[in-house]
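# Architecture at a glance
Each chain, letter by letter, is given below.
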Amino acid sequence: MFTTQTSEANMAKEVQMSIKMEPELRDQFMAVAANRHRPAAQIIRDLMRLYIEDSETPNALTAETLHKSDRGEDVFYASSAADLFKQLGI
């Protein structure tokens, strides 16, 4: 369950979100955050941004790849998978 709060003074800047989780999960997360000298809230914000970025369809890399293909850039033609791998150096 999520709850959010918005401070009137910081209406456009910040909101708070509360989540329910197992105590063990919280304790492990807080320990890792402390060991890395990072605020837990910053890690959560970073994870949320990554989740959003990964959920975009298409994401920025896929969109750019599609645009390059449309322009004929970075297009590989191969007679087989082995030929393609050889061209790609893998």
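Being a predicted model, the structure only gives us computed values, none of them experimental.

Rules of the game
Counting restarts for each chain: residues are numbered from 1 in the order of the written sequence. Side-chain atom pairs in this predicted model are given and counted only at pLDDT of 80 or more, local residue features only at pLDDT of at least 70, and totals for whole chains, interfaces and linings cover all residues. Where side-chain values are given, they derive from all heavy atoms of the structure, hydrogens and water being excluded. By convention in these notes, a salt bridge is any Lys or Arg side-chain nitrogen within 4 Å of a carboxyl oxygen on Asp or Glu. Buried means the residue's accessible area, taken with a 1.4 Å probe over protein chains only, is under 20% of the maximum for its type, while exposed means over 50%, and partly exposed covers the values in between. Inter-axis angles, ranging from 0 to 180 degrees, are taken between N-to-C directions of lines fitted to C-alpha atoms, where helices are fitted over the stretch in contact. In this description a helix means any DSSP run of H or I spanning at least four residues, a strand means any run of E spanning at least two, and both kinds are numbered starting from the N terminus. Throughout this description, any angle smaller than 35 degrees is read as roughly parallel, any larger than 145 degrees as roughly antiparallel, any in the 65 to 115 degree range as roughly perpendicular, and the remainder as oblique. Two residues qualify as a contact provided that any one of their heavy atoms is within 4.5 Å of a heavy atom in the partner residue. Note on residue classes: Ala, Val, Leu, Ile, Met, Phe, Trp, Tyr, Cys and Pro are nonpolar, Asp, Glu, Lys and Arg are charged, and everything else, Gly too, is polar.

Here we take up the pattern of salt bridges. Across all of its chains, the model carries six salt bridges by this definition. Across the salt bridge formed by D74 and K68, the nearest N and O atoms sit 3.3 Å from each other. We classify D74 as exposed; its relative accessible area is 57%. Among the salt bridges present, the one from E73 reaches R71, with a minimum N-O distance of 2.9 Å. A residue is classified by how much of its surface remains accessible, and E73, at 34% relative accessible area, is partly exposed. On the basis of relative accessible area, R71 is assigned to the partly exposed category, the value being 47%. By sharing partners, the salt bridges in this structure join R38, D46 and R49 into a single network.

With that settled, the discussion passes to the packing of helix α1 (residues 23–35) against helix α2 (residues 40–55). Axis separation between α1 and α2 bottoms out at 9 Å; the angle between their running directions is 100°. When the axes of α1 and α2 are compared, the pair comes out roughly perpendicular. Along the contact surface, α1 presents F29, M30 and A33, while α2 presents A40, I43 and I44. Here the contact of α1 with α2 is composed, by residue class, of six nonpolar, no polar and no charged.

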